[in-house]
Amino acid sequence: MKILVDADACPVKEIIVRAAKKYEKEVLMVCDVAHQLFYEEPFVTVKTVDKGADSADLVLANLTQKQDLCVTSDYGLATLFLTKGATVLHPNGFFYGNDTIDRMLFERHISREMRRQKKSRGGHIKKRSPEQDAAFQKSLESFLSQYQE
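Just so it is clear, the model here is predicted, and its values are computed rather than measured. (Residues numbered from 1 in each chain as written. Predicted model: local features only at pLDDT ≥ 70, side-chain atom pairs only at ≥ 80, totals over all residues. Heavy atoms only, no water.)

Undergrad: Would you mind going over the sheet that holds strand β4 (residues 69-71) with me for this structure?
TA: Through backbone hydrogen bonds, the strands of a sheet pair up, either in parallel or in antiparallel fashion. Pairing is parallel across the open sheet formed by five strands, whose spatial order is β3-β2-β1-β4-β5. Sheet topology places β3 (44-49) and β5 (87-89) at the edges, where each strand pairs with a single neighbour. Strand after strand, the sheet turns through a mean of 20° between neighbouring axes, direction not considered. As judged from the three bridges shared by β4 and β5, these two strands associate in the parallel manner. Across the sheet, Cys70 pairs through a bridge with Val88, a residue of β5. Sheet contacts for helix α1 (residues 13-23): β1 (2-6), β2 (26-32), β3 and β4; angle to β2, the most-contacted strand, approximately 160°. (Pairing = 2+ DSSP bridges. Helix = DSSP H or I, 4+ residues; strand = E, 2+ residues; numbered from the N terminus. Axes fitted to C-alpha atoms, helices over the stretch in contact; angles between N-to-C directions. Contact = heavy atoms within 4.5 Å.)

Undergrad: Help me out: how do you make sense of the packing of aromatic side chains in this one?
TA: One pair of aromatic rings is described through two measures. These are the centre distance and the angle between the planes. In the structure shown here, the tally under the stated rule is three aromatic pairs. Taken together, a centroid distance of 6.0 Å and an interplanar angle of 45° make the contact between Phe95 and Phe143 tilted. Of the two residues, Phe95 is situated in the loop between β5 and α4 (101-116) and Phe143 in helix α5 (residues 130-145); the sequence distance between them amounts to 48 residues. Among the residues examined, Phe95 registers a relative accessible area of 35% and is labelled partly exposed. Judged by its relative accessible area of 8%, Phe143 falls in the buried class. Put simply, the rings of Tyr75, Phe94 and Tyr96 pair up and form one aromatic cluster. (Phe/Tyr/Trp six-rings, centres within 6.5 Å; stacked < 30°, edge-to-face > 60°. Buried < 20%, exposed > 50% of the residue type's maximum accessible area, 1.4 Å probe, protein only.)

In structure tokens:
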């Protein structure tokens, strides 16, 4: 099992690296050229792809295998991971599931349509909280602890 990360805007990269070190897991972070990442840890690989619509997503989807853990906030990419049989974790600490992804994609579609029509859904995105980081770390470590070698 390896941990694949949609790293372009991932707010929990450092939490992932610490947990991967603790549980001795390989990490692959994929980002485009606008998000340069460097890690000296030998278990972390960063793959940088050309900037373009879904270029990082396509690389991640092609590299994912059934036993992998994938981290993304992109519902569309989460769907691709799920179809490959991977476990998918959102940076807020919840796991995507086949039973919930359709609703999430529909809500994303409605939001996109409202933005296109210039209708507001009320407010700005809230700043990331320490509670969100703690929830992610708890979910990640709980999952990884099941797969200790």
